[in-house]
Amino acid sequence: VQLQASGGGLVQPGGSLRLSCAASGTRFSFAYAAWYRQAPGKERELVAIINSGDDTNYVHPVKGRFTISGDAAKNTVYLQMNSLKPEDTAVYYCLANIVSRIYWGQGTDVTVSS
């Protein structure tokens, strides 16, 4: 199983990006999936999580700005990021639990700067 993350880039403050995380090599959907981020010099932190029932949860700094969603048919999880701030700058990683195993995607860089 591989998770392929994409969608990062350079964006100005107040802008938007949509990250994608596609699972391949499996016919099973995820039990839950999440996005983490790691800013320079900081530890990796959870950003948002979604389960197979589409229940979601977010860390406080991104509530109201970020939206996590999933497409079971495509086995893909998205993170829509709006009203981006410089403090959102980080490498973003996706995680998925598929058949009781944890998989990580490679990171995708998000830089918020004017």
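The notes below deal with the structure included here. Quantities reported herein were computed from a predicted structural model and do not represent experimental measurements. (Residues numbered from 1 in each chain as written. Predicted model: local features only at pLDDT ≥ 70, side-chain atom pairs only at ≥ 80, totals over all residues. Heavy atoms only, no water.)

Time to look at the overall build of the protein. Each helix and strand counted, the protein has zero helices and eleven strands in total. Put simply, the protein runs from its N terminus to its C terminus through helices and strands in the order β-β-β-β-β-β-β-β-β-β-β. Taking 13 Å as the expected radius of gyration for a compact globule of 114 residues, we find that the protein reaches 13 Å, a close match to that expectation. Over its C-alpha atoms, taken along the principal directions, the protein stretches across nearly 40 × 25 × 25 Å. Across the 114 residues of the protein, 39% fall into the buried class. Expressed as a percentage of contacts within the protein between residues at least 6 apart in sequence, the contacts between residues at least 24 apart total 53%. Total accessible area on the protein stands at roughly 6200 Å², and carbon and sulfur atoms take up 47% of it. If the 10 positive side-chain charges of the protein are averaged to one point and the 8 negative ones to another, these points end up 3 Å apart. (Helix = DSSP H or I, 4+ residues; strand = E, 2+ residues; numbered from the N terminus. Rg over C-alpha atoms; globule rule 2.2 N^0.38 Å. Buried < 20%, exposed > 50% of the residue type's maximum accessible area, 1.4 Å probe, protein only. Contact = heavy atoms within 4.5 Å. Areas by Shrake-Rupley, 256 points an atom, 1.4 Å probe, with all protein chains shown as cover. Lys, Arg positive; Asp, Glu negative; His and termini not counted. Charge placed at Lys NZ, Arg CZ, Asp CG, Glu CD.)

Phi angles above zero are rare outside glycine, and N75 is one such case at about 50°. Within the secondary structure layout, N75 lies in the loop between β7 (66–71) and β8 (76–81). At S100, a residue that is not glycine, the phi angle is positive and equals roughly 65°. Looking at the secondary structure, you find S100 in the loop between β9 (90–98) and β10 (101–104). Residue classification places S100 among the exposed positions, given a relative accessible area of 68%.

Bringing the pairing of strand β11 (residues 108–112) into the picture now. Taking every second residue as pointing to the same face, the buried face of β11 carries T108, V110 and V112, while none of D109 and T111 on the other face is buried. Of the strand pairs in this sheet, strand β2 (residues 9–11) and β11 are connected by three bridges, and their pairing is parallel. Note that in β11 the partner of L10 across the bridge is T111. Pairing geometry for β9 and β11, over three bridges, is antiparallel. Bridged to Y92 within β11 is T108. (Pairing = 2+ DSSP bridges.)

You can call N75 buried: its relative accessible area is 10%. Separated by 3.5 Å, the side chains of N75 and S29 make a polar contact. Ignoring any residue separated from it by four or fewer positions in sequence, one finds N75 in contact with C21, A22, A23, T26, F28, S29 and F30. (Polar contact = N/O pair within 3.5 Å; in protein donor to acceptor, adjacent residues only side chain to side chain.)

Let us now look at the state of the cysteines. Under the definition given, this model contains one disulfide. With a sulfur-sulfur separation of 2.1 Å, C21 is cross-linked through a disulfide to C94. Looking down the S-S bond of the C21 and C94 bridge, the torsion is 65°, so its handedness is right-handed. Taken together, the residues span a long stretch of sequence, with C21 in strand β3 (residues 17–24) and C94 in strand β9 at a distance of 73 residues. Of the residues examined, C94 reaches a relative accessible area of 1% and is grouped as buried. (Disulfide = S-S within 2.5 Å.)

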